[in-house]
Amino acid sequence: MLTLAIETSCDETSVAVIKDGREVLSNIISSQIDIHRKFGGVVPEIASRKHIESINNIVQEAIDEAKISFDDIDLIGVTKGPGLVGALLIGISTAKALAYGLNKPIIGVNHIEGHVCANYIEHKDLEPPFTCLIVSGGHTYLVQVNGYTDYELVGRTRDDAAGEAFDKVARALGLPYPGGPVIDKLAQKGNKTAIDFPRVMLEPKSYDFSFSGLKTAVLNCLNQKHQKSEEIIVEDVAASFQQAVLDVLVDKSFRLAKERKSQKIVIAGGVAANQGLRTMMEERGKEEGIEILYPSRILCTDNAAMIGAAAYFNYKNGNKSDLYLNVIPNLDLK
Ligand code: KG4
Ligand code: ZN
């Protein structure tokens, strides 16, 4: 079964062709990051305009690279939310036009579910149940995945998302957007115990997260250093901040996995590309006898292949949309 999938929720225009939910025949990703970097973050209106300029060509590229014709497609999958309304609309309109023109079924996909499903592409034998930590630029969730379309939401951020915290701290350090990958690199050269930033665990049994206090602590630390004319060692700030984020993410993920007797912890979303997070999870996984899985870097950040996988598993489960499908910018996981 061939799924053509479209992702335009933020600043990547991406189209993929996926076979049977797990095999990537093509996954074209056109990133707008260089354009938005000048503004220090994603400018929604510019994102929409860039999507509309490139989407038709990228659909064609995905078809060509997959070496199929439009007639071979069995299903059209598209991100319906969460994301930027104007950006999502470009993907949804394109998907509807294709579904109508080709007379094929269409299915709207939750972008966050897509991030989880990237793991089914990477790990061909992976099946639910498992514990999943979803860490992206807009969302931070701890989820018990009980089936391919059955997500039990156990924890979430109460303020900033993990990726958002990386981006905001990077900005305060004068580093370019997106900050996550830059902090990741700098942190590898820094001393993670140089500054003792807070680890916000919330109530003892809570699986929720809060990162805005940590962000403020970093800002205060930088201001104090400026006032006292002390040298700021960017690598040390990056490493200490990153460690404070990771300690909380890893601790809560393992607590949930042990509570639910999960054999596996799966990491998903842009921050799953973080080397520090991967290493720390794997080291703890070895100690606890829990397998750690995450997608390759290209499947961690936004891409249409993961949307194709999510579309396939939802369709198999009997879900389907129609041509009244609309964007849901604030769509939640549940
Ligand atoms: O999942 P994603 O591509 O987009 C959303 O759905 O939000 O995630 C983007 C986020 C950004 O905040 C970016 O800084 C972060 O993922 N990110 C990273 C790394 N690579 C991307 N954060 C930490 N370390 C990385 N290596
Ligand atoms: Zn994403």
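Residues numbered from 1 in each chain as written. Chains lettered and ligands numbered in written order. Predicted model: local features only at pLDDT ≥ 70, side-chain atom pairs only at ≥ 80, totals over all residues. Heavy atoms only, no water.

### Section: the pairing of strand S7 (residues 140–147)
For S7, the buried fraction is high: 7 of the 8 residues fall into the buried class. The antiparallel pairing of strand S6 (residues 130–135) with S7 creates a hairpin that spans 4 residues between the two strands. Of the strand pairs in this sheet, S7 and strand S8 (residues 150–156) are connected by 6 bridges, and their pairing is antiparallel. Note that in S8 the partner of Val145 across the bridge is Tyr151. Counting the residues between successive antiparallel strands, the hairpin from S7 to S8 contains 2 residues. (Buried < 20%, exposed > 50% of the residue type's maximum accessible area, 1.4 Å probe, protein only. Helix = DSSP H or I, 4+ residues; strand = E, 2+ residues; numbered from the N terminus. Pairing = 2+ DSSP bridges.)

### Some thoughts on the domain arrangement of the protein chain
By domain assignment, the protein chain separates into domain 1 (2–116 + 301–316) and domain 2 (127–298). Tallying the contact residues gives 18 residues for domain 1 and 20 residues for domain 2. Roughly 1,600 Å² is buried in total at the junction of domain 1 and domain 2, and carbon and sulfur atoms are behind 66% of that figure. Where domain 1 packs against domain 2, one counts 3 residue pairs in polar contact (both at pLDDT 80 or more). The biggest single contributor to the side of domain 1 that touches domain 2 is helix H4 (residues 111–122), with 4 residues. Of the residues contributing to the side of domain 1 that touches domain 2, the split by class is 8 nonpolar, 6 polar and 4 charged. (Domains from an automatic or database assignment. Contact = heavy atoms within 4.5 Å. Buried area = accessible area lost by both parts, 1.4 Å probe. Polar contact = N/O pair within 3.5 Å; in protein donor to acceptor, adjacent residues only side chain to side chain. Nonpolar A, V, L, I, M, F, W, Y, C, P; charged D, E, K, R; others polar.)

### A few points about helix H8 (residues 234–259)
Helix length check: H8 (26 residues) gives 38 Å between terminal C-alpha atoms against 38 Å at 1.5 Å per residue, within 8%. Phi for Lys261, located one or two positions after H8, is positive at around 55 degrees. (Expected span 1.5 Å × (residues − 1).)

### Here we look at the pairing of strand S5 (residues 106–110)
Burial analysis of S5 places 5 of its 5 residues in the buried class, the great majority of the element. Both faces of S5 are covered, namely the face carrying Ile106, Gly108 and Asn110 and the face carrying Ile107 and Val109. Taken together, the 5 bridges between strand S4 (residues 75–81) and S5 define a ladder with parallel strand orientation. Opposite Thr79, over in S5, you have Val109 as the bridge partner. Handedness of the S4-helix H3 (residues 85–102)-S5 crossover: right-handed. (Right-handed = clockwise from strand over helix to strand, strands pointing away.)

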